[in-house]
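Structure at a glance
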Amino acid sequence: MTLGSLLFFGGIGGAVFFLIVMIVWKIVLHGKRRELMKELKDKYMVS
Amino acid sequence: MAGMRQGEILDNTYQIVEELGDGGGGVVYKAIHIRLKKYVAVKMVKENVAGLINTRAEADILKNLKHEYLPQVYDFFQIDRKVYTVMDFIPGRSLEQYLKKGVRFRQKQIIIWARQLCEALSYLHHQDPPIIHSDIKPANIMITPQGNICLIDFNISFGAEGQMGGMSSGYASPEQVMSMTSTYMPKDASGKIIVDTRSDIYSLGATLYHMVTGRKPAGDPKDIIPLDEYDLDYSDTLLAIINKAMQPNVRYRYQSVDDMLKDLMSIQKLDPKYKRQKRMEALSTYLCLGGILICLAASFAGFRLMGAEKALAYRDKVESGKQYVTAGEYDAACRMFDEAIGMDGEEVSAYYEKMYALSLMDEPGQVLSLAQKLTSDRQLNERLKEGSLLANVYYMAGNACFQQEDYGEAVEYYRKSLENRSDDPECYRDLAIALARQDDLEGAQAVLTQARDNGLTSADTALVEGELALCRKDLTTAIRKFTETVEASDDDYVRQRAFFLCARTYQEAGNLDDMIGWLENGRDTYGLPQAHTFYTMLGDAYALKGQQGTAQSDTFFQKAKACYEQLTDSGLASLQVWYNLAMVRQSLGEYEEARDVLEQLMAEYPEDYRAPMRMAILECEVENGKDAALRDYGDVAEYYEKAAKLYEQDRVDGKTDPQMQQLEGIMRQLYDGKWLVKEE
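In what follows, the accompanying structure is described.

Conventions and cut-offs
- Residues numbered from 1 in each chain as written.
- Chains lettered and ligands numbered in written order.
- Predicted model: local features only at pLDDT ≥ 70, side-chain atom pairs only at ≥ 80, totals over all residues.
- Heavy atoms only, no water.
- Helix = DSSP H or I, 4+ residues; strand = E, 2+ residues; numbered from the N terminus.
- Areas by Shrake-Rupley, 256 points an atom, 1.4 Å probe, with all protein chains shown as cover.
- Pairing = 2+ DSSP bridges.
- Contact = heavy atoms within 4.5 Å.
- Axes fitted to C-alpha atoms, helices over the stretch in contact; angles between N-to-C directions.
- Buried < 20%, exposed > 50% of the residue type's maximum accessible area, 1.4 Å probe, protein only.
- Buried area = accessible area lost by both parts, 1.4 Å probe.
- Salt bridge = Lys/Arg side-chain N within 4 Å of Asp/Glu carboxyl O.
- Polar contact = N/O pair within 3.5 Å; in protein donor to acceptor, adjacent residues only side chain to side chain.
- Nonpolar A, V, L, I, M, F, W, Y, C, P; charged D, E, K, R; others polar.
- Parallel < 35°, antiparallel > 145°, perpendicular 65-115°, else oblique.
- Left-handed = near helix turned anticlockwise from the far one by under 90°.
- Phe/Tyr/Trp six-rings, centres within 6.5 Å; stacked < 30°, edge-to-face > 60°.
- Lys NZ or Arg CZ within 6 Å of the ring centre and 35° of its normal.
- 1 Å grid on protein atoms, 1.4 Å probe; cavity = no way out; pocket = protein on both sides within 12 Å on 5 of 7 lines; lining within 4 Å.
- Points joined across faces, edges and corners; volume = space filled by probe spheres on them.
- Domains from an automatic or database assignment.

Here we take up the overall build of chain A. The helix and strand tally for chain A stands at one helix and zero strands. Seen through its principal axes, chain A has C-alpha atoms that stretch 60 × 10 × 10 Å. Total accessible area on chain A stands at roughly 3400 Å², and carbon and sulfur atoms take up 73% of it.

In structure tokens, the structure reads:
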């Protein structure tokens, strides 16, 4: 495998990896934010 | 200012019931509307404030105000220089009353009331001209039985400059308080302090300050105890909003009540935890996006690099192939070029070099096939033109046709080559020779003249002239011209051609000795790999000489055998050379060796009739050498049948082979002489 093909396929693989990580992390953060908003709603009693 | 008594009737409409309070702007009474029997609040504006009232139009605007958290102003009148405002009577208690009792409100309640106050103020501030309350304080905030606020006692003065009536110490903004230093207050062009809607924001902040701390703010902003010095059970976010609203310097305060309302509406989003969460989300998003971008950039760089690597590998293959060509290893060279073509079928250099290698390999059929592919493909054709290689491709194709003795096609290719490069003397030379071979002597002569004009050398000219003489059957002149070429040319290719042509001319003249002499000279001049054709021709010449049946026949057959064996041993022998070797061995009586060669050829070329044909002739000769009683021509018949079958399949063009005809004659004799019996 040449350096070029390593970079090309590695780059694509890396981009897909980061994309998946971002999606998963977004889902996790969304859950955390929902919990936080609930907590803040209780704190400030905002309707 | 004298107060009003209980029962006193104002403007024949409002009967005073009781005094509700005495504020900065005036005294507020509870009254009853005599005709409507409805409680109202009548505010008697203090005289110093009343002086600020200028027009009836202002009163009309106040009467038109209608908001959920503001009392409705019904009337506005003046009696004996006293100004009265009549508005909704708001039941319930004022915020001040709750605060005086030491009631501490929950954060939720404070936020709800703060929002309601902001909404009411926003409504006032958005009037045209803006209405500035100027006296927001707990006493002017009523808490209705429904738990909502009602902002009462808003000032009757409009505008945004000068001293406002009804202000209260501690709640009034610094710019309202004359005792404050005016060094950092906003001023207009004339130097007057500007009091605008932001003053109400300060007052609102001060009211909220009182609500959260339970203490009225100090009149002088410098004396106000910062909120963070209290041990308060409220969120930092709410305190930060109050703190910002209470900034003495208007530039650091909320610039509009809408801004403050916006913060209150999204107060949870100002919470440090929420901000931290957002920061983390943004950071993780940026990190991931950064990672994706870096990976994509790497991928793009890799794509570019792959292209460069592919081009480099392609060039390496082509260069390796060219080195193999230089070393005479044409098969290896063609493999390299094929690998290069496999890498990039749109690049022409590998095709071109392969074509050149094939032309050196004496593979005219493959050269032509490749030339047709290159010239018929529009893209490849364009690239050949760009690289100035198209003329060479046509030239090599012409040479291939020439080699196949298809002179008409060769002429066409040479002409196409000259269309692309009109100053190539060698192409003119070969075109002239091809025309001469087609017996177009005039055309050949005309092209020769053009060739001379384009710098054809004297040696090349002599070669063409020799060809022309050969066509005219002027063998003496032809030999002289070819000899001149051999002597004058420094181009090995041209010299070799002259050698062969000279040898052919001698052969045509029936002078086998001189033919052999020339070929031996050529053989000795060039090495075997470079001049294997000399060996082939020389072997044929020796064989011909041997067939003359002189006393030295065996010697010539031996020489012919030596030539052929050198070719077979070096892997340069053509199929015809193998047949000739078998024939020479047969002529020398080496039947077993001849048989080995023919059996090998039958195995390798099962479709070729010549091997069984030669085998039949060989076996016949072997049997002829035996006593009549011992002869058995069975093998001869068997080989003949095989050869005859293949010969019929091979005769698609109707050409006849004299040796096959000879064999057929032998077979007839064998059947006629009853040496063989035909099976029914």
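The strands making up a sheet associate through hydrogen bonds between their backbones, and the pairing can be parallel or antiparallel. All names here are of chain B. If you trace the three strands from one edge of the open sheet to the other, you get S7-S8-S9, paired in antiparallel fashion. A single partner strand is all that each edge strand has here, and the edge strands are strand S7 (93-94) and strand S9 (149-151). When S7 meets strand S8 (residues 141-143), the two strands line up antiparallel, connected through two bridges. Looking across to S8, one finds that Ser-94 is bridged to Met-142. In the packing of helix H4 (residues 107-125) onto the sheet, contacts are made with S8 and S9, and the angle to S9 comes to roughly 35 degrees.

So, on to the side chain of B:His210. Residues and elements named next belong to chain B. If you trace the backbone, His-210 turns up in helix H5 (residues 197-213). Among the residues examined, His-210 registers a relative accessible area of 10% and is labelled buried. Discounting residues that sit within four places of it in the chain, His-210 has contacts with Leu-99, Pro-138, Tyr-171, Arg-215, Lys-216 and Pro-217.

All names here are of chain B. Across the sheet, six strands lie side by side as S1-S2-S3-S4-S6-S5; this open sheet has antiparallel pairing. If you trace the sheet from one side to the other, it starts and ends with strand S1 (9-10) and strand S5 (73-79), each paired once. Relative to strand S6 (residues 82-88), strand S4 (residues 38-45) is paired through six bridges, and the arrangement is antiparallel. Each bridged residue has a counterpart across the sheet, and for Val-45 the counterpart in S6 is Val-83.

We now examine the interface of chain B and chain A. Think of interface size as the accessible area that goes away when the parts come together; that is how it is often given. Opposite the 32 residues of chain B that make contact, chain A presents 27 residues. When the two sides are added together, the surface that chain B and chain A hide from each other amounts to roughly 2700 Å², 71% of it contributed by carbon and sulfur. Here chain B is connected to chain A by three salt bridges. Between A:Lys43 and B:Asp271 there is a salt bridge, with its nearest N and O atoms 2.8 Å apart. Here chain B is connected to chain A by 14 residue pairs in polar contact (both at pLDDT 80 or more). Among the elements of the structure, H4 and helix H8 (272-326) of chain B are those that each provide at least two residues to the side of chain B that touches chain A. Among the elements that make up the side of chain B that touches chain A, the one with the highest residue count is H8(B) (21 residues). Its residues assigned to classes, the side of chain B that touches chain A shows 14 nonpolar, 10 polar and eight charged.

Residue and element names in this part refer to chain B. The interhelical angle for the contact between helix H13 (residues 390-403) and helix H14 (residues 407-420), taken along N-to-C directions, is 165 degrees, at an axis separation of 8 Å. Our classification of the angle between H13 and H14 gives roughly antiparallel. The two elements H13 and H14 cross, and the hand of that crossing is left-handed. Contact with H13, carried on its side by Leu-390, Ala-391, Tyr-394, Tyr-395, Ala-397, Gly-398, Asn-399, Cys-401 and Phe-402, involves Tyr-407, Glu-409, Ala-410, Tyr-413, Tyr-414, Lys-416, Ser-417 and Asn-420 of H14 and no other residues of that element. Taken together, the residues that form the contact of H13 with H14 break down as 11 nonpolar, four polar and two charged.

This part is about the packing of helix H12 (residues 378-386) of chain B against H13(B). Residue and element names in this part refer to chain B. H13 packs onto H12 with a crossing angle of 110 degrees between their chain directions and a minimal axis gap of 7 Å. Relative to H13, the element H12 lies roughly perpendicular. Each of Asn-381, Leu-384 and Lys-385 in H12 lies in contact with H13, whose residues at this interface are Leu-390, Val-393 and Tyr-394. Considering only residue class, the contact of H12 with H13 consists of four nonpolar, one polar and one charged.

All names here are of chain B. According to the stated counting rule, one finds 18 aromatic pairs over all chains in the structure shown. Both rings, one in Tyr-39 and one in Phe-89, keep their centres 6.1 Å apart while their planes meet at 55 degrees; by these two values the pair is tilted. Separated by 50 residues along the polypeptide, Tyr-39 in strand S4 and Phe-89 in the loop between S6 and S7 bring together distant segments of the chain. Relative accessible area serves as the criterion here: at 41%, Tyr-39 is assigned to the partly exposed category. The class for Phe-89 is partly exposed, based on a relative accessible area of 23%. Ring-pair connections join several aromatic residues into one group, and the members of that group are Phe-499, Phe-500, Trp-518 and Phe-534. Across the ring face of Tyr-39, the terminal group of Lys-30 is positioned such that the distance to the ring centre comes to 4.2 Å. Over the face of the ring belonging to Phe-402 we find Arg-497, whose NZ or CZ atom lies 5.3 Å from the ring centre.

This part takes up the layout of surface pockets. Empty pockets left among the atoms are what a rolling probe the size of a water molecule brings to light. Residues and elements named next belong to chain B. Of the volumes computed, that of the second largest pocket is approximately 530 Å³. Lining the second largest pocket are 22 residues, and of these Leu-20, Gly-21, Ala-139, Met-142 and Ile-152 sit closest to its centre. Across the lining of the second largest pocket, the residue classes break down as nine nonpolar, six polar and seven charged. A domain split of the lining of the second largest pocket shows at least three residues from each of domain 1 (1-89) and domain 2 (107-270).

Residues and elements named next belong to chain B. Of all the eight residues making up S4, six are buried; the element is thus mostly covered by neighbouring parts of the structure. As paired strands, strand S3 (residues 26-33) and S4 are joined by eight bridges and run antiparallel to one another. By the bridge assignment, Gly-26 is partnered in S4 with Val-45.

To continue, consider the environment of B:Lys108. Within the element layout of this structure, B:Lys108 appears in helix H4. For the pair B:Lys108 and B:Pro91, spaced 17 residues apart in the sequence, the C-alpha separation amounts to 23 Å.

Another aspect to go through is unusual backbone geometry. Residue and element names in this part refer to chain B. Asp-128 connects to Pro-129 through a cis peptide bond whose omega is 0 degrees. Within the secondary structure, Pro-129 sits in the loop between H4 and S8. The phi dihedral of Asn-12 falls on the positive side, at around 55 degrees, and the residue is not glycine. Along the polypeptide, Asn-12 turns up in the loop between S1 and strand S2 (14-22). Under the relative-accessibility criterion, Asn-12 is labelled exposed at 65%. Of note in this structure, Glu-405 is not a glycine but carries a positive phi near 60 degrees. By secondary structure assignment, the location of Glu-405 is in the loop between H13 and H14.

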